[in-house]
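# Descriptive analysis of the structure
In case you want the letters, here they are:
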Amino acid sequence: MEPLTSKKLSDPILLLKILDDGRFLVVDAKTNIRYLKRDTLEIEGGFRANIEHESFSHRVVSFSFDGAYFASLSTDKQEAKLFNATTKKFITKIDRHHGKISCVGIDPQGRYMFSCGEDGKTFVVDIKTKKLAYTLPIHRDSVEDIAFSPNSHYVATAGYDRYISLFNLVQITPKSELKAHSAPIVKLLFIGNKRLLSIDKKNIAIIWDIQKENVIARLEGIHDDVLSLTCHEEFLFLGTKLGYVMVYDLKTYKQITHKYIKITSAITALTFDPLDNFLLVATEEGIVFRYFIYEGQEEMQSILEKKKYLLVEKMIVQNPMLIYTKTFLLFNALWERTLEKGIIYLQNKDIKSALAIFERFQKIPSRNKIIQKVLSQYSEYSKFITFIEQKKIALAYSLALQYPLLQETPLYLGMEDGWKRDFVIAQKLSLDEKNKEHVDLILAPYRGIAKKTKLIKDLLTKSSVYLRFRVALGQQDFVVVFELIKQNNFLKEFPEYEQLSAYSDSLYIKADKLLKEENTHAAVKIFRTLRNFPDYEREAREKIKEIEAKQKFFTAIEEKDTVTAYNLLAEYEELLSTKDGLFLQERWNQDLAVANNYALLGDIDGVKKALENYISISSKYRSLAIVFGWCYMTQLENAMEKEKSKLEIEKGIKNYVLNFGLTDQILSLSEIFEANYPDSKLNFELLTKGSLSMWRPSMSVDSILE
């Protein structure tokens with residue numbers, strides 16, 4: 001792969017990002033921030049923050065997608081600093097970690113800055129108010145990476161404790177803890193809004209479903225330390241320490257290539273430009289490369305038109321991504337048609353025509369291997385025909401077992417149809433003991449065929465089971481049907497089982513169609529039936545739950561029952577994509593912003609007024625607790641600035657801890673309190689402690705000092 005363009009900068013690149021306005025953002029190890037033109041990579045502006053970084057493996061810098069704010073660790077990693085990228089001015093910092101800070105992040109909506117440390121803590125600062133908003137669940141060891149879902153609903157942190165912590169940014173509540181790694185986790189990346197990639201120090205990579213909280217797949221073929229990663233709807237790109245770019249298919253989770261790109265320097269940053277299918281690669285040497293991932297597509301089209309098929313295959317070797325182009329799909333369709341025609345010639349004993357049609361693909365090693373396999377197996381086709389003509393069924397089946405391609409021939413399929421017809425007749429006759437000899441006669445040609453013999457034996461010895469199976473099926477008592485199948489595996493070989501599978505598939509298709517037509521009542525009835533089918537049980541239950549939630553939600557909207565509506569929004573994320581869900585969430589965000597402004601002033605009445613519509617909504621209690629706690633913290637800070645009495649402030653601290661527990665905010669304030677009131681005997685560890693999760697609006701007071 002050759003880059004279309006490249007740009008040599010002076011220092012290692014730490015961050016590549018495509019901003020909302022389309023510009024490429026590049027940040028280097030000295031926190032030189034540059035904006036590059038999308039097509040030429042020419043510099044069109046930038047500035048310096050004068051902060052040097054030695055580490056290239058952590059997220060030591062972060063930018064909001066609108067380019068308005070950026071965060072950076074200090075050189076000594078003792079502070080996480082937030083800047084306004086437009087004015088170039090310092091906004092605030094976090095220096096509360098015990099030990100060094102490992103990484104920083106800004107959520108996609110530019111609301112919060114996150115600071116993760118070796119102490120396992122993650123502090124969250126509200127960018128607009130510059131105040132510490134809350135903290136994420138604490139890890140048992142150093143936090144090594146942080147990632148955000150594109151819709152900004154979730155943040156994930158992971159580190160040396162081998163756990164991934166998922167936190168809901170909409171509800172401001174912990175979601176779950178994921179555990180499957182056996183080594184410290186060093187990299188995280190959201191793949192869309194519902195999947196998450198994690199990579200550990202042993203180069204084990206796992207794809208998670210964050211809704212179901214389970215492992216979807218484990219990626220194979222990573223034999224080098226991954227320093228950078230980015231994704232596209234179809235592909236995952238991993239940049240390594242040795243300068244390789246690996247590519248994975250995000251539908252199959254298979255590795256497409258382990259050396260898509262090879263550079264002489266460590267790949268420290270990656271980003272994908274979906275506008276033109278360009279991959280941007282940045283290195284420790286300070287070079288930014290721009291690649292077209294389908295390089296060679298036009299040349300391959302020309303080669304295909306000239307029927308130079310061997311060259312097409314060689315181009316695929318040079319750029320494996322070409323197999324995802326329309327040109328290659330056309331080439332593959334041509335090959336499949338050729339193979340199909342060649343097999344038809346062989347079935348008609350016209351070997352000469354088969355060899356002639358195969359000739360154009362025989363020079364391609366991978367295709368020739370298939371051709372030789374076809375020719376080899378069809379060399380026994382005449383013998384196969386003879387066995388069938390002589391009604392030596394057992395010998396014909398034995399030969400087809402030895403040469404599997406013969407099982408795709410019309411003769412074999414016809415033989416199978418005959419078996420099925422005979423077996424159905426035998427099934428019906430076997431229900432009456434008087435027909436035993438007749439049944440034996442019908443099934444006699446199939447004795448000696450291992451798979452058929454077992455079925456015949458089961459039919460003859462378990463005819464009562466089959467009878468119960470048929471009765472239950474006729475009554476559509478699917479609970480009994482599948483219990484019988486579970487206990488008697490031979491029933492899966494009967495035609496009724498195939499019909500049952502086809503019936504369940506048709507039910508699902510019908511239910512899905514009804515959902516699209518918004519006929520939810522009829523769809524639910526079908527999904528309730530599908531709960532009895534093992535293959536559809538889980539999905540059917542989830543669909544019913546989702547439909548019922550939507551019905552309750554829209555009913556609540558019509559009845560102006562915002563309490564129920566907001567509680568359902570908290571439980572079912574899918575509702576956030578509806579028009580009403582978006583409206584309610586936006587209204588909450590606006591009211592929350594107003595409340596935060598009052599909290600900064602310590603104005604509890606203002607906070608109450610701004611949030612009065614949410615006091616009865618249980619799913620908002622934790623969020624309310626954070627705002628009220630923030631307001632009371634401001635009251636304590638104001639009291640100390642006004643040099644209120646020691647006893648008054650001690651009482652306020654006790655009240656705060658009783659309500660909200662030992663939060664990071666109160667622990668930080670305690671240091672200032674102890675410095676200003678050295679004679680205080682207040683022992684924080686001995687205080688009665690509440691918690692954010694247990695706080696309720698009824699516990700609010702006008703002043704924390706009273």
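What comes next is a walk through the structure.

What counts and how
Along each chain, residue indices are assigned from 1 in the same order as the chain's sequence is written. The predicted origin of the model limits local features to residues at a pLDDT of at least 70 and limits the giving and counting of side-chain atom pairs to 80 or more, whereas totals for whole chains, interfaces and linings rest on all residues. Side-chain metrics in this entry use all non-hydrogen atoms of the structure; hydrogen atoms and water are not considered. Strands here are runs of E lasting at least two residues and helices are runs of H or I lasting at least four, both read from the DSSP assignment and numbered beginning at the N terminus. As a reference, a globule follows 2.2 Å times the number of residues to the power 0.38, and the radius of gyration itself is taken over C-alpha atoms. To sort residues, take the accessible area from a 1.4 Å probe on protein chains only and compare it with the maximum for the residue type: under 20% means buried, over 50% means exposed, and anything in between is partly exposed. We call two residues in contact when some of their heavy atoms are within 4.5 Å. Under the convention used here, a 1.4 Å probe and the Shrake-Rupley method define accessible areas, while residue burial counts only the protein chains that appear. His is not counted, nor are the chain ends, whereas Lys and Arg count as positive and Asp and Glu as negative. By convention, the point assigned to a charge is CZ for Arg, NZ for Lys, CD for Glu and CG for Asp. The rule is short: rings of Phe, Tyr and Trp, with Trp giving its six-membered ring, pair when the centres are within 6.5 Å, and they are stacked under 30 degrees, edge-to-face over 60, tilted in between. Residues belong to one nonpolar core when they are buried, are Ala, Val, Leu, Ile, Met, Phe, Trp, Tyr or Cys, and are joined through side-chain atoms within 4.5 Å. For two strands to be treated as a pair, DSSP must find no fewer than two bridges joining them. Axis geometry follows a simple rule: fit a line to the C-alpha atoms, using only the stretch in contact for helices, then measure angles between N-to-C directions, giving values from 0 to 180 degrees. What goes into a patch is any residue over 30% in relative accessible area without a salt bridge, connected to like charges within 9 Å or, for nonpolar side chains (Val, Leu, Ile, Met, Phe, Trp, Tyr), within 5 Å. A side-chain nitrogen of Lys or Arg and a carboxyl oxygen of Asp or Glu constitute a salt bridge if their distance falls within 4 Å. Each polar contact in these results corresponds to two N or O atoms within 3.5 Å; when the atoms are within protein, one needs to be able to donate a hydrogen and the other to accept it, and residues that are neighboring in sequence are counted only if both atoms are side-chain atoms. By construction, the arc corresponds to the directions joining the helix axis to the C-beta atoms.

## Here we look at the overall build of the chain
Per the secondary structure count, the chain includes 21 helices and 28 strands. Relative to the 2.2 N^0.38 estimate, which gives 27 Å for 706 residues, the radius of gyration of the chain is 33 Å and therefore markedly larger than a compact globule would have. Taking the principal axes of its C-alpha atoms as reference, the chain extends roughly 110 × 65 × 45 Å. Expressed as a percentage of its 706 residues, the buried residues of the chain come to 51%. When contacts within the chain are restricted to residue pairs at least 6 apart in sequence, those whose partners lie at least 24 apart make up 48%. With the model as given, the accessible surface of the chain reaches about 34,800 Å², and the carbon-plus-sulfur share is 49%. When the 98 positive and 95 negative side-chain charges of the chain are each reduced to one mean point, those points stand 4 Å apart.

## What about the packing of aromatic side chains?
Pairs of aromatic rings are described using the distance from one ring centre to the other and the angle between the two planes. Applying the stated rule across the entire model yields 40 aromatic pairs. Between Phe83 and Phe90 the ring centres are 5.8 Å apart and the planes differ by 70°, which places this aromatic pair in the edge-to-face class. Relative to Phe331, the ring of Tyr309 lies with its centre 5.8 Å away and its plane at 50°, an arrangement referred to as tilted. You can see Tyr309 sitting in helix H2 (residues 309-318) and its partner Phe331 sitting in helix H3 (residues 326-347), a full 22 residues away along the chain. The residues Tyr309 and Phe331 share a single accessibility class, namely buried. Each member of the aromatic cluster is reached from another via a ring pair, and the members are Phe47, Phe63, Phe70, Phe83 and Phe90.

## Some remarks on the nonpolar core
With 95 residues, the main nonpolar core has Phe237, Leu279 and Val281 as its most contacted residues. The next biggest cluster of nonpolar side chains, apart from the first, holds 66 residues, and it includes Tyr566, Ala610, Ile653 and Ile704.

## Thoughts on unusual backbone geometry
In the Ramachandran plot, Gln476 falls in the positive-phi region, its phi being about 55° despite a non-glycine side chain. The residue Gln476 is located in the loop between helix H11 (463-474) and helix H12 (478-487) in this model. With a phi angle near 55°, Lys560 is a residue other than glycine that sits in the positive phi range.

## Concerning the sheet that holds strand E3 (residues 24-28)
In spatial order, the strands read E2-E3-E4-E5; together these four strands make up an open sheet with antiparallel pairing. Single-partner strands in this sheet number two, and they are strand E2 (13-18) and strand E5 (43-48). Ignoring strand direction, the axes of neighbouring strands in this sheet form an average angle of 15°. Direction of pairing for E3 relative to strand E4 (residues 32-36): antiparallel, over a ladder of four bridges. In the strand pairing of E4, Val26 is matched with Arg34.

## Observations regarding a nonpolar patch on the surface
On the surface, Leu431, Leu467 and Val471 cluster together into a nonpolar patch covering about 230 Å² of accessible area. Mapping Val471 onto the fold places it in helix H11. Here Val471 falls in the partly exposed class, since its relative accessible area comes to 42%.

## Some thoughts on the side chain of Glu573
The topology assignment puts Glu573 in the loop between helix H16 (562-571) and helix H17 (579-601). One buried charged residue, Glu573, forms no salt bridge at all, with the nearest opposite charge on Lys175 at 6.5 Å. Reaching out from Glu573, the side chain makes a polar contact with the side chain of Tyr154 at a distance of 2.9 Å. The contacts of Glu573, once residues within four sequence positions are left out, are Asn151, His153, Tyr154 and Gln211.

## So, the pairing of strand E8 (residues 80-84)
Within E8, four of the five residues are buried, which leaves it mostly tucked inside the rest of the structure. Inspection of the sheet shows strand E7 (residues 69-73) paired to E8 by five bridges, in the antiparallel sense. The partner of Tyr69 across the bridge, within E8, is Asn84. The antiparallel pairing of E7 with E8 creates a hairpin that spans six residues between the two strands, and Lys77 there sits at a positive phi of about 60°. Relative to strand E9 (residues 90-94), E8 is paired through four bridges, and the arrangement is antiparallel. When the sheet's bridge partners are listed, Leu82 is paired in E9 with Thr92. Hairpin geometry of E8 and E9 is characterised by an intervening segment of five residues between the two adjacent antiparallel strands and by a positive phi of about 65° at Lys88.

## Quick look at the environment of His97
As for its position among the elements, His97 is in the loop between E9 and strand E10 (101-106). For the pair His97 and Asp119, spaced 22 residues apart in the sequence, the C-alpha separation amounts to 6.6 Å. With near-sequence residues (within four places) excluded, His97 lies in contact with Ser115, Cys116, Gly117, Asp119, Lys121 and Phe123. Within the structure, the side chain of His97 is placed 3.1 Å from the side chain of Asp119, a separation counted as a polar contact.

## Concerning a positive patch on the surface
On the surface, a cluster of positive charge is contributed by Lys307, Arg337, Lys341 and Arg360. You can see Arg360 is positioned in the loop between helix H4 (351-358) and helix H5 (365-378). Given a relative accessible area of 41%, Arg360 falls into the partly exposed group.

## Notes on H16
Among the residues of H16, Ala565, Tyr566, Leu568 and Leu569 are the ones counted as buried. Projected onto a plane normal to the axis of H16, the buried residues spread over an arc of 160° and lie on a single side. Elements that come into contact with the buried residues of H16 comprise helix H15 (537-558) and H17.

## A look at the sheet that holds strand E15 (residues 154-159)
Spatially, the four strands line up as an open sheet ordered E14-E15-E16-E17, and their pairing is antiparallel. The open sheet has two free edges, formed respectively by strand E14 (143-148) and strand E17 (173-179), since each of these has just one partner strand. On average, each strand axis in the sheet is inclined to that of its neighbour by 20°, with strand direction left out of account. Summarising the sheet, E15 and strand E16 (residues 163-168) pair through five bridges and their orientation is antiparallel. Residue pairing for E16: Thr157 is matched across the bridge by Ser165.

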